[in-house]
Number of protein chains: 2
Amino acid sequence: MSSSAQKYDVFQAIADPTRREVLKLLAHQELPIAEITAHFPMSRTAIAKHLHILSEANLVSGQKVGREKRYRLQPETFQELKDWLSYYEQFWNNKLSILKHVVENEDEDSLNNKKTD
Amino acid sequence: MSSSAQKYDVFQAIADPTRREVLKLLAHQELPIAEITAHFPMSRTAIAKHLHILSEANLVSGQKVGREKRYRLQPETFQELKDWLSYYEQFWNNKLSILKHVVENEDEDSLNNKKTD
DNA sequence: TTGACATAACACCAAATGGTTTCATATAAT
DNA sequence: ATTATATGAAACCATTTGGTGTTATGTCAA
């Protein structure tokens, strides 16, 4: 019982540029809200909200240390995204272009095998 | 001169569940708006807007065929996402835990050299 | 205990988002 | 030429989002 009808999922969480910046920051080290805020041109409250959203999406987690709350990256969650992406990966590198043909069994693309880097 | 200050980027485009469903649909075959709409409990106009957003993010492209406009997946763009993700990948599999060491220069993890893959 | 600091919790607001309906335009079919 | 079909575009609306400021609570230091 870790997730109960969360309002924000990973996709929404990373949609905001500020939140992506926060993730980048936390990639290198864990930080308290105040320090994170120092990197942005907005209020601490705003950043706290972003952190809350990131936290709800399990992209970060916060540990209370004294009167601080230190946030850190929760990198495992990125796997969700990777999994989602991997479904589409087959379509842009044509590793599975043959499979695609078989599955669709209906498109008349010329079988041009273009191996893009 | 392909992209001029686009309003929607890839991250925003995939943030919406409906748009992700549209992508999934188009993964298998290219489709005109009307047919796409048939899969959703909302108006054609709404879907058209979603397609416009996906198109602006270059995740799909539309070709006009007669009076139809057929939309198809533009899978190359997913690479953007993959690139973004790959930055964080290093943190959840420790492929680059050594690099992390160097960059941070502050944590005292044992130097375990684990070359995955 | 008192004061300073770090965060949490509200109430509030403007703008963006995701949907609607209606009207216009282009193409196909009869 | 007329009608039906497929889309485009506009005006409109409710809700969500991303920000603000203020007040409350908990913790550390004197």
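This structure is a prediction, so every number in the text was calculated from the model and none was measured.

**Points about the sheet that holds strand β1 (residues 31–32) of chain A**
Note on sheets: strands pair through backbone hydrogen bonds, and any given pair is parallel or antiparallel.
All names here are of chain A.
Move 1: Spatial strand order, β1-β3-β2: three strands in an open sheet with antiparallel pairing. Whereas interior strands pair on both sides, the edge strands pair on one side only; in this sheet they are β1 and β2 (60–65).
Move 2: Bridge count between β2 and strand β3 (residues 68–73): six bridges; the pairing is antiparallel. Residue pairing across strands places Ser61 opposite Arg72, the latter belonging to β3.

**Observations concerning the protein's contact with DNA strand C**
Move 1: As a structural note, the neighbourhood of DNA strand C is formed by 22 residues, with Ala34 and Lys69 of chain A together with Ser43, Lys49 and His50 of chain B the closest of them.
Move 2: Near-protein atoms of DNA strand C (within 4 Å) split between backbone and bases, with sugar and phosphate holding 62%.
Move 3: One nitrogen or oxygen atom from the side chain of Arg67 of chain A is found 3.4 Å from a base oxygen belonging to DNA strand C.
Move 4: Within the contact set of DNA strand C, a base oxygen lies 2.2 Å away from a side-chain nitrogen or oxygen of Lys49 of chain B.
Move 5: Considering each element in turn, the surface near DNA strand C owes the most residues, four residues, to helix α4 (residues 44–56) of chain B.

What counts, and where the lines are drawn
The numbering scheme is per chain: residues are counted from 1 as the chain's sequence reads. Note on labels: chains are lettered from A, ligands numbered from 1, in written order. Under the rules for a predicted model, residues below a pLDDT of 70 receive no local features and side-chain atom pairs below 80 are neither given nor counted, while totals for whole chains, interfaces and linings still include all residues. Note: side-chain values were computed over all heavy atoms of the structure, leaving out hydrogens and water. Any two strands are treated as partners once DSSP identifies two or more bridges connecting them. Helix and strand definitions follow DSSP, with helices as H or I runs of at least four residues and strands as E runs of at least two, each counted in order from the N terminus. Residues are counted as near a molecule or strand when any one of their heavy atoms sits within 4 Å of it. N or O atoms within 3.5 Å of each other form a polar contact, as long as, within protein, one can give a hydrogen and the other can take it, and as long as residues adjacent in sequence are counted only when both atoms are side-chain atoms.

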